[in-house]
Amino acid sequence: MVNHARQEHKDQAGSGLVIAAHGRHYLVQAKIDGQSLKLQCVTRGKKSDVAVGDRVQLKTTSPNQGVIEAIDERNSLLYRSDQYKSKLLAANVTQLFIVVATEPGFADDLISRALVAAEAAGVKAHIVLNKTDIVEALEKTRQRLQMYANLGYPVHEVSARAFPEETCATLWPLLKGQSTILIGQSGMGKSSIINLIVPDADIAVREISAALDTGKHTTTFTRLYELDADAGTPDAQPASIIDSPGFQEFGLYQLSEGMLERAFVEFTPYLGKCKFYNCHHLIEPSCAVLEAVKDNKIASMRHQLYVQLLHESSQKLY
Ligand SMILES: Nc1nc2c(ncn2[C@@H]2O[C@H](COP(=O)(O)OP(=O)(O)OP(=O)(O)O)[C@@H](O)[C@H]2O)c(=O)[nH]1
Ligand SMILES: [Zn+2]
């Protein structure tokens, strides 16, 4: 039966958009011979450098399977890494939404790491504060987020569960014409937000896990939903939203010292003003960055993270 189908199938070339990744298996929304279809794809050999959001060239190997032959040039690439290897998060995104909530508490360390990753990738970052209906914790959370607002990162307040319509009204204009990745710690309400924006997301996830054979671990893969905002209207703009699995760690071992100092936006006015031209901003005398920390112009929490990330980048083994 399988052989028979294979004999009848004629390999065809086409292009597509990677909408989900699980290990080295990818689901690609492809256009073959003018027809739109979803293909389960692998890469040639052991390559695993494909990311969700990549535009790819492919060849079909059966009516619903294909091989990725080439990756089109990317506009952006977000990734994280540990000591041993890096892990692609998403390609071609134009903005990153970090979802936090009034409750449970979030980690500033993770927010700043995500902001640094976004800066390094040239991607605009926004913070989405969910669960504003939990009023007891709202003021305190706003105060905590003020630090990021002061750095120029927009903070948007929503409540996916208590005020779904208002939440959509806040988020839709921001998503229009953009390719957005949502990240957040577990429990912040990222899935609730995705379900509001993409009402049939659950069905799509089931389809994808069946196609990629992910078993029960449906939340362990990254997936992209195409949004047809105002489809058919004159100002329709293609948009997509990427849901990435909750994470507890966000390693950035791949970033060089030069990339790091530039990824902390508040360091910018001080760069080049240190006594030593190759200053690491760690313990050096007459360091403009350290002086700014002392004068509370740079939050010491952020400088500590810079020190930690610099340390991590020197531990990189690959
Ligand atoms: N009070 C309140 N609760 C919310 C809101 N949005 C989501 N929740 C609740 O917060 C919990 C976590 O929401 P999820 O959407 O599953 O969160 P998540 O970030 O996707 O978490 P993981 O699935 O663990 O990654 C659920 O019990 C939601 O019902 C909100 O606006 N207000
Ligand atoms: Zn310095």
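Values in this document were obtained by computation on a predicted structure and should not be read as measured data.

1. Quick notes on the pairing of strand E7 (residues 86-91)
Working step 1: As paired strands, strand E6 (residues 77-81) and E7 are joined by 5 bridges and run antiparallel to one another. Residue pairing for E7: Ser-81 is matched across the bridge by Ser-86.
Working step 2: Taken together, E6 and the strand that follows it, E7, pair antiparallel across an intervening segment of 4 residues.

2. Points about helix H3 (residues 138-150)
Because the α-helix completes a turn every 3.6 residues, residues three or four places apart line up on one side.
Working step 1: Between its first and last C-alpha atoms H3 spans 18 Å; for 13 residues at 1.5 Å apiece the expected length is 18 Å, and the two agree.
Working step 2: Bending of H3 peaks at approximately 30° at the position of Arg-144.

3. A few points about the packing of helix H2 (residues 108-121) against helix H9 (residues 300-313)
Working step 1: With their axes 11 Å apart at the nearest point, H2 and H9 run at an angle of 65° to one another. Classified by the angle their axes make, H2 and H9 are roughly perpendicular. As for the relative orientation of H2 and H9, their crossing is right-handed in sense. Counting all contacts with H2, which are made through Asp-108, Asp-109, Ser-112 and Val-116, the residues of H9 involved are Met-301, Arg-302, Leu-305 and Leu-309.
Working step 2: A per-class count over the contact of H2 with H9 returns 4 nonpolar, 1 polar and 3 charged.

4. A few points about the domain arrangement of the protein chain
Working step 1: Under the domain assignment used here, the protein chain contains domain 1 (2-71), domain 2 (77-243) and domain 3 (257-313).
Working step 2: Domain 1 and domain 2 are separated by 27 Å when their C-alpha centres are compared.
Working step 3: Contact residues are listed per partner, giving 13 residues for domain 1 and 17 residues for domain 2.
Working step 4: At 4 residues, strand E1 (residues 13-22) tops the list of elements feeding residues into the side of domain 1 that touches domain 2.
Working step 5: Residues of the side of domain 1 that touches domain 2, tallied by class, amount to 6 nonpolar, 4 polar and 3 charged.

5. Remarks on unusual backbone geometry
Working step 1: A cis amide bond, omega -10°, links Glu-103 with the succeeding residue Pro-104.
Working step 2: If you check the backbone angles, Asp-33 has positive phi at about 55° while not being a glycine.
Working step 3: The residue Asp-33 is located in the loop between strand E2 (25-32) and strand E3 (35-43) in this model.
Working step 4: Here Ser-286, not a glycine, exhibits a phi torsion of approximately 50°, which is positive.
Working step 5: Along the polypeptide, Ser-286 turns up in the loop between helix H7 (257-263) and helix H8 (288-294).
Working step 6: Judged by the 11 C-beta atoms lying within 10 Å of it, Ser-286 is exposed.

6. Some remarks on the nonpolar core
Working step 1: Counting 77 residues, the largest nonpolar core has Val-18, Val-28, Leu-96, Ile-98 and Ala-114 as the members making the most contacts within it.
Working step 2: By residue number, the principal contributor to this core is H2, which donates 7 residues.
Working step 3: When residues no more than four places from it in sequence are discounted, the contact partners of Val-18 are Tyr-26, Val-28, Val-50, Ala-51, Val-52, Gly-53, Asp-54 and Val-56.

7. Digging into the pairing of strand E8 (residues 95-101)
Working step 1: Judged by how many residues are buried, E8 sits mostly within the fold: 6 of 7 residues are covered.
Working step 2: Bridge count for E8 against strand E9 (residues 124-130) is 7 bridges, and the pairing is parallel. Residue pairing for E9: Phe-97 is matched across the bridge by His-126.
Working step 3: Regarding topology, H2 serves as the crossover connection from E8 to the parallel E9, and that connection is right-handed.
Working step 4: With 5 bridges joining them, E8 and strand E11 (residues 179-184) adopt parallel strand pairing. Paired with Phe-97 across the two strands is Leu-182, which belongs to E11.

Cut-offs applied
Residues numbered from 1 in each chain as written. Chains lettered and ligands numbered in written order. Predicted model: local features only at pLDDT ≥ 70, side-chain atom pairs only at ≥ 80, totals over all residues. Pairing = 2+ DSSP bridges. Helix = DSSP H or I, 4+ residues; strand = E, 2+ residues; numbered from the N terminus. Expected span 1.5 Å × (residues − 1). Bend = angle between axes of the 7 residues up to and from the residue. Axes fitted to C-alpha atoms, helices over the stretch in contact; angles between N-to-C directions. Parallel < 35°, antiparallel > 145°, perpendicular 65-115°, else oblique. Left-handed = near helix turned anticlockwise from the far one by under 90°. Contact = placed C-beta atoms within 7 Å. Nonpolar A, V, L, I, M, F, W, Y, C, P; charged D, E, K, R; others polar. Domains from an automatic or database assignment. Buried ≥ 20, exposed ≤ 12 C-beta atoms within 10 Å, placed from the backbone. Core = buried A, V, L, I, M, F, W, Y, C linked by C-beta atoms within 7 Å. Right-handed = clockwise from strand over helix to strand, strands pointing away.

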